[in-house]
Structure formats: C-alpha cells, structure tokens
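Fold and contact review
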Amino acid sequence: MVIAPALWIGGVFPSTVLVSLCLGAAAVGCVGFFRHRRGVRVPASAILAGAACLLTAVQWVPWSSGFRQAVAPRLASTVERAVGTATDVWAGLTTSPGDTGLEVGRLFALLLLTVAAANFSWRLSAAAVAVCSSVVVLIGLFHHAFDMHAIYGVYQAVDIDPSQTASLLTSFVNPNHQSGLMLLGLFCAAGLAVDVRAQTRSARDSMTHARRRELHLMCMSAIALLVVGLVLSRSRGAMLAGAIVTPLALWWAWMPTNKGRAGERSQLLTRGLVVAASGVAVVALVRAGAWDEVLSLGHDGDPTQKLRLAWSAMPLTEWSPVFGTGRGTFIDLFPLVNPATGSLVHTHLESVPLTMRVEWGLFGIAIGGGLLAWWLGAVFGTKKRRSSQARRVVLCGLLALAIQNVGDFSVEFLGVAAPAAALVGGLSPRTWRVRRRVWIPVLALSFPLVFGIAATSAPYSWTARDSVVEAVANDALPATQALRMLPLSSRLHASVARRYVEEGAWEAALPRARAATMLRPGSADVWFLRAAVEDAVEPDASAGREALAHALAKLERPLAPAHLMYLQECYPDPLALVPLMAQDRVAWLRTAGPMIEQDPDYAAVLIAARAADDRHPRVLEQQVEVALRQGNAALALHAARLLREQQPQRAAAHLLVVRALRSFEFERERDIQQALQRALREVDDAAGRGQLEEALIRSWMATGERGDLERASELTEPMMSRPADRATLQRRHTLSRSLAAALEAMNVTQ
C-alpha cells in the first residue's frame, strides 16, 4: 500500500483511492487476525487522521438549508445565485461533494495504513518508503535513458511539455510531488543507515557484522541515488526544505553515544566516508549538467509568486469560517476572489496550511496544531529508546515534507501521503491495544459506508470533470443532475448554456450564461457566450454590449476566427465596435491584430480610431501592416517613419520603412538605400545590423551599377566574418555568391 500509489502515476486517479481503501482494510484485518490476535495497536496519531476523516464526512453529509445558511452564509448565497432556488443542489456543507466524498475515502485509507504500520517496526515502514522512492528515481532514469516522454511509455500528461520541462520524468505527473516522496525516502534511508551502523558496532559474530555492513552500504547507495533524483526533480521547495533540515538530521545522527575510543574512530571513519561520497555525488551532478539546472532555478520567475497567489485565497475563509468550504471547492471558488486568474484553472491551493484553513476551517487549524504536537512528542518521546537517533533522522523527513508543503500540496496525492502516513504510524511513540470485539465491528460498519461514499463521489471529482461536461454537452447526462453535484462549476454552466443555444432555447440559456460569468469573471470565453445570449434574448438592450465589452477587455490571446466573424456580423459598422474595445493596449491589439488578416478594411477603421489618440509603437506597427495590405503605400510610409522616429535604434522600425518604400508602384531603390544607410548609423545591435546589411546589399544588387556592387562587396566581407546561427550563415553565403556572380558578369560584359 506504500509503494502501489506512488507507482500508479502518482495516485491521481479516483481508482487509486478505492484500491488503497480496500488494501488498507485488508491490511488491518490481516494484522488483527494473524499478527496480533489479542488486538490491534492503534497509534495516537490515528486520532488526528480519524478527526480529519470525520470532519470531511460532516462536510459531505446533506444538512438542512437552514444549518448551511447559518454556518456558511456566503457560500450558501453564492450557490443560490448561481443555480437559483428552484434547482435541487447537494445540501452538504461543500459545493463539491464529489471531491469531498472522495477525500473521505482517501483519509480513511490513510487512517487504516497508519494503524497497520503501527503494528510493525518503524524500520519496516522506513525501508518501504526508501525502496519506493528509489524505485521511482530508477523509473525516471530509465525514462531518461531511453528518451521516453510518456510515463511508462503510455501516459502523456496533457499540461506537461517535455521540450520545456527539464525535470526528471518518473511515475508522477508533477515534479514537485515526486520530490516530496524523494525527501521522505532520503531521510528514511539516512535513518536506516544510522540504525544499521549502531547495530554493526554491537554485532558479536563476524557473519552478523558482515551482513550489517552490507545493509549499511545499501542504505548509503539509496541516499546517493535519491540525492541525484531530488536534484533532477528541480523542485525549489524540496531543495530548500532538504537544506534546512539536513543539519538537524546530521546533528542527531552524529550525536555522541559514549562507545569509547573505538566507537569514536568508527564514527570518524563513517563521517569521512559520508563527506567523500557527497563530494563524488556533487562532481557527478556537475558533470551531468544537473548543477546548471539548479542554478537556473534562481532565474526562473519570482519564487514567491506561488505563495502570494495562495495568500490571495484567504478571503475564502469568510465563506465558511468554522467547517471550511470543503475539499475540492478551491477550483470553483478561487476565481470569485481572484478574477485576475482569467481562464487559467487552479485545481488546488499550493499551500497545505492555507488549504487546511480554507477548506477545513477552524477545525483544520486544530488538526494542523495536533500534527505539530505529535511530531514534537515523537521527537522527545524516543529519548530512552536504543534507536532514538535513527528515529529522529527519519522524523526529519516528515519535517522536510511539511516545510516543502508550505508552498506546495504534494500530500494531496496518495503517492506522497501514503508513505508519510506509514511513517507516522510506525514512529508514533504511544499506541493503544484495541481488542477484537471493538475493532472488528468498527471496521465492518465503517468500511462499507466509507467505500460507498467514495465510490459514488468519484464520478464527480476534479479528475472526472471533463467527462461530466462532455456528457452534458452530448445530452448523455441530465443538466439538473450535473448541476446538483457541481453547482459552482463555470465550465458546466457554460456547457449547459451552449446546449440550450444549440436547441434554440435562448431563454433557458440566459441564466446559465450569467452564472458562468459570475463564477469565472476573468474568462473572455464565457463573456462572449453571454453577449451572444443577451443579444438573442433582448436585441435592443445594452446587456449584450456590456458583456461584449467585458469579453474584449479580458482577452488573454488573439481573437479566434469564429469570434472575429461574430463581431463583423453583429457590428458591420466598425465605428460601432470602437467604443466597446478595450482601453488596455494589449487587449486591444489582441482584437485588432487578427482582424487585419480577416478583413483589412474593417481593421483599418479600428486602428485609425486608436492611432488618432495613441501613437504607441505597437499601434503604429499595426497601422503599417494594415496600410500595406490595403495597398496604401503613402499611409504605410508615414506610419513607418513615425515609428522610426520613436525607435531609431530598433532595426525592425527601419525595415518597416523599407517595406513601405517597396510598396510604391514606381521604383524607389535610392530612397531605400538612403534609409538603410541611415539605419546602419543608428542601430548598434549586431543581429539587427546584420539584417540591415543584407537588405542594403540586395538593394545595391538591384540597381546593379558598378559602384553599387563594389560598395556591396566591401560591406559583405566584415558581415561574413561575424558569428551567426547556421541558417543566417547559409543565407549570407548564398547572398555572397550571388554578388560575386553579378560582379563577374559585369566584368565580362565590359
């Protein structure tokens, strides 16, 4: 149960939860019947897991509307605004019963794993985690060795571009999640190495001593492998957490044990070997190029952006302050407090403490405090045990994972949560024995109930939302049933609205389109949908025009051809569209730019209206482009010269002047040569100067006079001596040969 979720593509599918639930129940049953027949040991940490499971079940269970209105008034009012009072929605304290119900099963599976692990030695749990993480790293190295861009060669993540992702591809989809498992495995291997070292010193016969040294060598090999995997995962949070916790782990691992001079010499030798192995690992990583990847992390955007984005979700704590909004609700609620996300979908909050506060309310804070108290108790409750040093080193792995999850949520996935739960169960300093007459009825009653909740909720979890939306669009699932389970899903409301539009039921589509824009106000697509529906229902009202203005203001990419056709059909006079276009220049360009190819005359009116008050270089570039497409050479030259005056050091501005001069019906080659010679005096950029020189050489070859060709030859020599990319060099060599041929032909004729 520790290894399977991590190898099952990181434990991201609902089927993983259901299988883990069954494995956990089987594990507890086997422990109770075959290992401890008098009773099952239940650790103190199981109280926290049980409390989290019970709280999530309370969020999922249907309540009266009055109770929901009392404990979560803002959440209840938002649901009512989205679906209306006539729609029957799930009456629980969560607006995503599919995710919350599946979370009940996940937490119960972790609870069972914690109980099962408490009935075995902590060494077994630590060894399972170390082996699991080592296997994950080996899978990643296997993928890398055979240049595989799909997990196991069959699963290709949709949102992961292999050409842009340099991290190690393992059985996990997200590199941050695999690094969380590697952190646990690294400290587990280190703790086992400390424990085996202590047992080696106390071995009395040579055979036992040799076996212990072999085990110690295996642990050190696992440490080296996991360090490589952790670096190649390129996770900032994991590397930072490991760097913070490693000194504490080394201090506990190398604490004096009063073993005499021989023991001190052995410890010094072991420490020397560790330092030497670390040096070899660093050299290997440098030679493999991994160090360059580590250094690149400091230049890859703002490292605090994720935390600032997560902190922007804190207003959600007011929506249900006591019980929380429920697991899985963040994906729907976050756009309501942070519309700036636009169409980007955030599936979960990238911070475990903030997630516990938002989705579990005040009870989540209590559970988080309980976890901290348990860790401190496990650290200081092992003083009198022979393996206290080793246990503390393993506990450092849980501390490092907690630090990483301040800015991540890797424990949401069973591939990380299951190994952590096994360690929590195995390292619990205090357990109680629960006899058969108690644990058998409890397991027999709770397991079918929890399994039923998880199984019925799985079809509506976030991994299955695409299937639900597609089923509604294809009329394979009633819209009322889907809205009952996902009342705040903007995609679902938009899908229902589009289906009504296809049926011609514009009146029925209107409330769904309005709900879609309310739930995701930063998405331009849903505003376009609402504008079309509003215009169809009330053609003479201003609601459609206001919705279209919102859509054009929130564009995140250039307009699609379908939207361009819609604008031309609804607003055949472009001057009527001008007041609705965005004031923001970037959004305005995303509307006007694609229109140049669709209809240059239509775009010319839009650009001229903007250029009358805005002489920004990007606007002038668009004016040049549309004038060239219209064949208006004079306007193109005028706009290009204005652009050149604003950006005299930019080669592209000078080249636009050249394009405008070439668009005249009569030849203006001398004017082009003068413009290019001026450009060479003003442009300092090497790449830009190369483009200008090539254009000037071609212009001199076009006039074809001896003086022009000689000047072109003089300019070619220094240009050819400068370094450039392969394509540029090939183009310049071709140009040089053409020039040589022209000179030779002129010499022959004369």
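For clarity, every value in this text was computed on a predicted model and none was experimentally measured. (Residues numbered from 1 in each chain as written. Predicted model: local features only at pLDDT ≥ 70, side-chain atom pairs only at ≥ 80, totals over all residues. Heavy atoms only, no water.)

1. Some details on the overall build of the protein
So the rule is basically this: The helix and strand labels rest on DSSP assignments: H or I over at least four residues marks a helix, E over at least two residues marks a strand, and numbering proceeds from the N terminus. Residue burial is assigned from relative accessible area. The probe radius is 1.4 Å, only protein chains are included, and a residue is buried under 20% of its type maximum, exposed over 50%, and partly exposed in between. By the convention used here, residues are in contact when the closest approach between their heavy atoms is within 4.5 Å. Accessibility throughout is a Shrake-Rupley quantity obtained with a 1.4 Å probe, and a residue counts as covered only by protein chains that appear here.
If you tally the helices and strands in the protein, you get 35 helices and two strands. If one aligns the C-alpha atoms of the protein with their principal axes, the spans along those axes are about 105 × 75 × 35 Å. Burial statistics for the protein: of 750 residues in total, 50% are counted as buried. Long-range contacts, defined here as pairs at least 24 residues apart, represent 74% of the contacts in the protein between residues at least 6 apart. If you sum the accessible surface of the protein, you get close to 35000 Å²; carbon and sulfur atoms cover 60% of it.

2. Brief notes about the environment of R201
By secondary structure assignment, the location of R201 is in helix 8 (residues 175–201). Overall, R201 belongs to the partly exposed group, its relative accessible area being 26%. Along the primary structure R201 and R212 are separated by eleven residues, whereas in three dimensions their C-alpha atoms are 9.2 Å apart.

3. A short note on the packing of aromatic side chains
The description of two aromatic rings rests on the distance between their centres and on the angle between their planes. Counted only if it meets this: The rule is short: rings of Phe, Tyr and Trp, with Trp giving its six-membered ring, pair when the centres are within 6.5 Å, and they are stacked under 30 degrees, edge-to-face over 60, tilted in between. Any Lys NZ or Arg CZ that is within 6 Å of a ring centre and within 35 degrees of that ring's normal is treated as a charge sitting over the ring.
Tallying each qualifying case throughout the model produces eleven aromatic pairs. Note on F447 and F451: the rings are 5.9 Å apart at their centroids and 40° apart in plane angle, and the pair reads as tilted. Of the two residues, F447 and F451 are both situated in helix 18 (residues 436–457); the distance of four residues between them amounts to about one turn of the helix. Counting every residue linked through ring pairs, the aromatic cluster contains W63, F67, F323 and F363. For the cation-ring pair, R668 lies above F664, with the distance from its terminal atom to the ring centre recorded as 4.7 Å.

4. A closer look at the side chain of Q178
Note the cut-off: Any N or O atom pair separated by 3.5 Å or less is treated as a polar contact, with the protein-specific requirement of one donor-capable and one acceptor-capable atom, and with residues adjacent in sequence counted only for side-chain atom pairs.
Tracing the sequence through the fold places Q178 in helix 8. A polar contact is formed between the side chain of Q178 and the backbone oxygen of L168, at a distance of 2.8 Å. Residues within four places of Q178 in sequence aside, it is in contact with L168, T170, F172 and S233.

5. Thoughts on the pattern of salt bridges
Our working rule: Salt bridge criterion: a side-chain nitrogen from Lys or Arg within 4 Å of a carboxyl oxygen from Asp or Glu.
Tallying each qualifying case throughout the model produces 30 salt bridges. Of the charged contacts in the structure, one is a salt bridge between E669 and R662, with a shortest N-O distance of 3.3 Å. Residue E694 is joined to R732 by a salt bridge in which the shortest nitrogen-to-oxygen separation is 3.1 Å. Pair noted here: E694 is in helix 33 (residues 686–703) and R732 is in helix 35 (residues 726–749), with a separation of 38 residues, a long-range link. Through salt bridges with shared partners, a single network forms among E103, R106, R327, E359 and E412.

6. Remarks on the packing of helix 33 against helix 35
For the record, the criterion: What counts as an axis is a line fitted to C-alpha atoms, over the stretch in contact for a helix, and the angles between N-to-C directions run from 0 to 180 degrees. Here the word oblique covers every angle except those under 35 degrees (roughly parallel), over 145 (roughly antiparallel) and from 65 to 115 (roughly perpendicular). The handedness criterion is simple: a crossing whose near helix is rotated anticlockwise from the far helix by less than a right angle is left-handed, and one whose near helix is rotated clockwise is right-handed. Amino acids are sorted into nonpolar (Ala, Val, Leu, Ile, Met, Phe, Trp, Tyr, Cys and Pro), charged (Asp, Glu, Lys and Arg) and polar (every other residue, Gly among them).
With their axes 11 Å apart at the nearest point, helix 33 and helix 35 run at an angle of 20° to one another. Between helix 33 and helix 35, the interaxial angle falls into the category roughly parallel. Here helix 33 and helix 35 pass one another in a crossing that is left-handed. Counting all contacts with helix 33, which are made through G690, E694, I697, R698 and M701, the residues of helix 35 involved are T728, R731, R732, L735, S738 and L739. Tallied by class, the residues present in the contact of helix 33 with helix 35 amount to four nonpolar, three polar and four charged.

7. Some words on the state of the cysteines
What counts is decided by this rule: Two cysteine sulfur atoms form a disulfide, by the criterion used here, when they sit within 2.5 Å.
Counted by the stated rule, this structure contains zero disulfides. Of all cysteine sulfurs, the one in C22 lies closest to C53, which takes part in no disulfide; the gap is 15 Å. We classify C53 as buried; its relative accessible area is 8%.

8. As for unusual backbone geometry
Even without glycine at this site, D147 takes up a positive phi of about 55°. When its relative accessible area of 56% is taken as the criterion, D147 is described as exposed. Positive phi is not limited to glycine here, since Y152 has a value of about 55°.

9. Things to note about helix 6 (residues 97–118)
Using the following cut-off: Given the number of residues in a helix, its expected span is that number minus one, multiplied by 1.5 Å.
With 22 residues, helix 6 should cover 32 Å at 1.5 Å per step; its first-to-last C-alpha distance of 31 Å lies within 8% of that length. The element helix 6 is extensively covered by neighbouring structure, given that 22 of its 22 residues are classed as buried.

10. Comments concerning the confidence of the model for the protein
Condition: For every residue, the predictor states its confidence as a pLDDT score lying anywhere from 0 to 100.
Chain-level statistics for the protein give a pLDDT mean of 87 and a share of 91% at 70 or above. Across residues 258–262, confidence stays below pLDDT 50; counting only partners more than four residues off in sequence or on other chains, it has one contact.

11. Some details on a nonpolar patch on the surface
We count it as follows: Each patch is built from salt-bridge-free residues with over 30% relative accessible area, joining like charges within 9 Å and nonpolar side chains (Val, Leu, Ile, Met, Phe, Trp, Tyr) within 5 Å.
Together, V322, L362, F363 and I365 make up an exposed nonpolar region whose accessible area comes to about 340 Å². For V322, a relative accessible area of 32% gives the class partly exposed.

12. Notes on the packing of helix 29 (residues 617–630) against helix 31 (residues 651–662)
Interaxial distance between helix 29 and helix 31 falls to 11 Å at its minimum, and their mutual angle equals 20°. Relative to helix 31, the element helix 29 lies roughly parallel. Relative to helix 31, helix 29 is oriented so that their crossing is left-handed. Contacts between helix 29 and helix 31 involve E621, V624, E625 and L628 on the former and, on the latter, L656, R659 and A660.

13. Comments concerning the side chain of T95
Locating T95 in the fold gives a position in the loop between helix 5 (73–83) and helix 6. On the accessibility criterion, T95 (0% relative accessible area) is buried. With residues up to four places along the chain from it excluded, the contact list for T95 reads R68, L75, V79, T325, T329, M485, P487 and L488.

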